[in-house]
Amino acid sequence: MDVYHAGSRAVQDRAGVRDRADHVGRSLGRTIKPIAAAFLEQQPLLIVAAADPETGRVGASALAGAPGFVRATGPRRISVHTADLSGERLRGQPVGTIALDPRTRRRMRLNGHLHPTATGFTVDADQVFSNCPKHIQRRESYETVDRTPGTPRHLTQLGTEETDFIAAADTFFLATVHRTGADASHRGGNPGFVQVASPRELTWPDYSGNAMFLSLGNLHADPRAGLLFLDWERGTTLQLTGEARTEFGPDGTRTVRFTLTEARWTPAALPLRWSAPEYSPANPDPSR
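### Overview of the packing of helix 1 (residues 6–15) against helix 6 (residues 214–221)
And then number 1: Where helix 1 meets helix 6, the axes come as close as 7 Å, and the angle between the chain directions of the two elements is 110°. One way to sum up the angle between helix 1 and helix 6 is to call them roughly perpendicular. Crossing angle aside, the handedness with which helix 1 passes helix 6 is right-handed. Contacts between helix 1 and helix 6 pair Gly7, Ser8, Ala10 and Val11 from the former with Leu214, Leu216, Gly217, His220 and Ala221 from the latter.
And then number 2: Looking at side-chain class alone, the contact of helix 1 with helix 6 contains five nonpolar, four polar and no charged residues.

### Regarding the pairing of strand 7 (residues 120–131)
Within a regular strand, side chains alternate between the sheet's two faces.
And then number 1: Where burial is concerned, most of strand 7 is hidden: nine out of the 12 residues are buried.
And then number 2: Of the strand pairs in this sheet, strand 4 (residues 77–81) and strand 7 are connected by five bridges, and their pairing is antiparallel. Its bridge partner lying in strand 7, Val80 is registered against Phe121.
And then number 3: Where strand 6 (residues 106–117) meets strand 7, 11 bridges bridge the pair, whose relative direction is antiparallel. When the bridges of strand 7 are listed, Arg109 appears paired with Phe129.
And then number 4: With antiparallel pairing between neighbouring strands as the criterion, strand 6 and strand 7 make up a hairpin whose turn holds two residues.

### Here we look at the nonpolar core
And then number 1: Counting residues in each nonpolar core, the largest one holds 29 residues, and the members touching the most others are Leu202, Leu227, Phe229, Leu240 and Phe258.
And then number 2: Those elements that place two or more of their residues in this core are helix 5 (160–167), strand 10 (171–178), strand 13 (201–205), helix 6, strand 14 (224–230), strand 15 (237–248) and strand 16 (254–266).
And then number 3: If one sorts the elements of this core by residue count, strand 16 sits on top with five residues.
And then number 4: Once residues within four sequence positions are removed from consideration, Phe229 is found in contact with Phe165, Ile166, Ala169, Thr171, Phe172, Val194, Leu202, Thr236, Thr237, Leu238 and Leu240.
And then number 5: Grouped together as the second largest cluster of nonpolar side chains are 23 residues, Val70, Ile78, Leu114 and Phe121 included.

### Considerations on the packing of aromatic side chains
And then number 1: A full pass over the atoms with the stated rule returns seven aromatic pairs.
And then number 2: Ring centres of Tyr142 and Trp274 lie 4.8 Å apart, and the angle between their planes is 40°; this geometry places the pair in the tilted category. One end of the pair, Tyr142, is in strand 8 (residues 142–144); the other, Trp274, is in strand 17 (residues 272–274), with 132 residues separating them in the sequence.
And then number 3: A relative accessible area of 21% places Tyr142 in the partly exposed class.
And then number 4: For Trp274, a relative accessible area of 7% puts it in the buried group.
And then number 5: An aromatic cluster of at least three residues, connected via ring pairs, comprises Phe172, Phe193, Trp204, Tyr207 and Phe229.
And then number 6: In this arrangement the basic side chain of Arg14 is found over the ring face of Phe248, its NZ or CZ atom lying 4.1 Å from the centre.

Calculation rules
- Residues numbered from 1 in each chain as written.
- Predicted model: local features only at pLDDT ≥ 70, side-chain atom pairs only at ≥ 80, totals over all residues.
- Heavy atoms only, no water.
- Axes fitted to C-alpha atoms, helices over the stretch in contact; angles between N-to-C directions.
- Helix = DSSP H or I, 4+ residues; strand = E, 2+ residues; numbered from the N terminus.
- Parallel < 35°, antiparallel > 145°, perpendicular 65-115°, else oblique.
- Left-handed = near helix turned anticlockwise from the far one by under 90°.
- Contact = heavy atoms within 4.5 Å.
- Nonpolar A, V, L, I, M, F, W, Y, C, P; charged D, E, K, R; others polar.
- Buried < 20%, exposed > 50% of the residue type's maximum accessible area, 1.4 Å probe, protein only.
- Pairing = 2+ DSSP bridges.
- Core = buried A, V, L, I, M, F, W, Y, C linked by side-chain atoms within 4.5 Å.
- Phe/Tyr/Trp six-rings, centres within 6.5 Å; stacked < 30°, edge-to-face > 60°.
- Lys NZ or Arg CZ within 6 Å of the ring centre and 35° of its normal.

See the structure below:
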């Protein structure tokens, strides 16, 4: 069975990388190998992407906990211990997850279906795979701090504070969906790689990656998208939901344009304080 749907195939063909995508696609499995299970248990952060079953809006959320709060509890299942109550709302829904470790520039993605439990939720895997370290900023260490999350602020357009926050970002997470699944992916670059074109529009370059085009393929089939920016030092999060499309340049470059429907700003949302970044050597200069 083809690991790619028609949306990903369309973008692969446009970029001329179908053969390479077929080769890389062999890395997608359905089981969690022991090395992946060990990696998960070391992580204090998990990103979850899904479409809200009531509104249809797509978003990405960050969950944090002591290492071990995410762990493999079967060859195709992860369990997440969290007080977050969104699991019940997403019962049986497709979700995408990504665990990213800035200390080692490693990341692991697991897509499947969510089921709430008494202590959080589980995800039964449909796809399990790792990505290369490209564009991940190294952060050597983190500490857990006692923070009380601030009151979330809901917005329909970006103000000066949010614009500055995005301009300073070197990382964000992208949530996308397709007919039978959801996906959470990482996007990284030097500060300034995400541009605020207007109070309701963002753009960013799509740097070359693994040629699978899972995220852009999802957007080709379904434009709904969610973005998550986080302050790695202060724990503030900015969640955006809206629609995105890919624009192809005559020189083969790709730019993604995102139109905002709603934003959620939450001060001190995460109890993690990471060390300063060492930018990936793969990052292009955004000023060029």
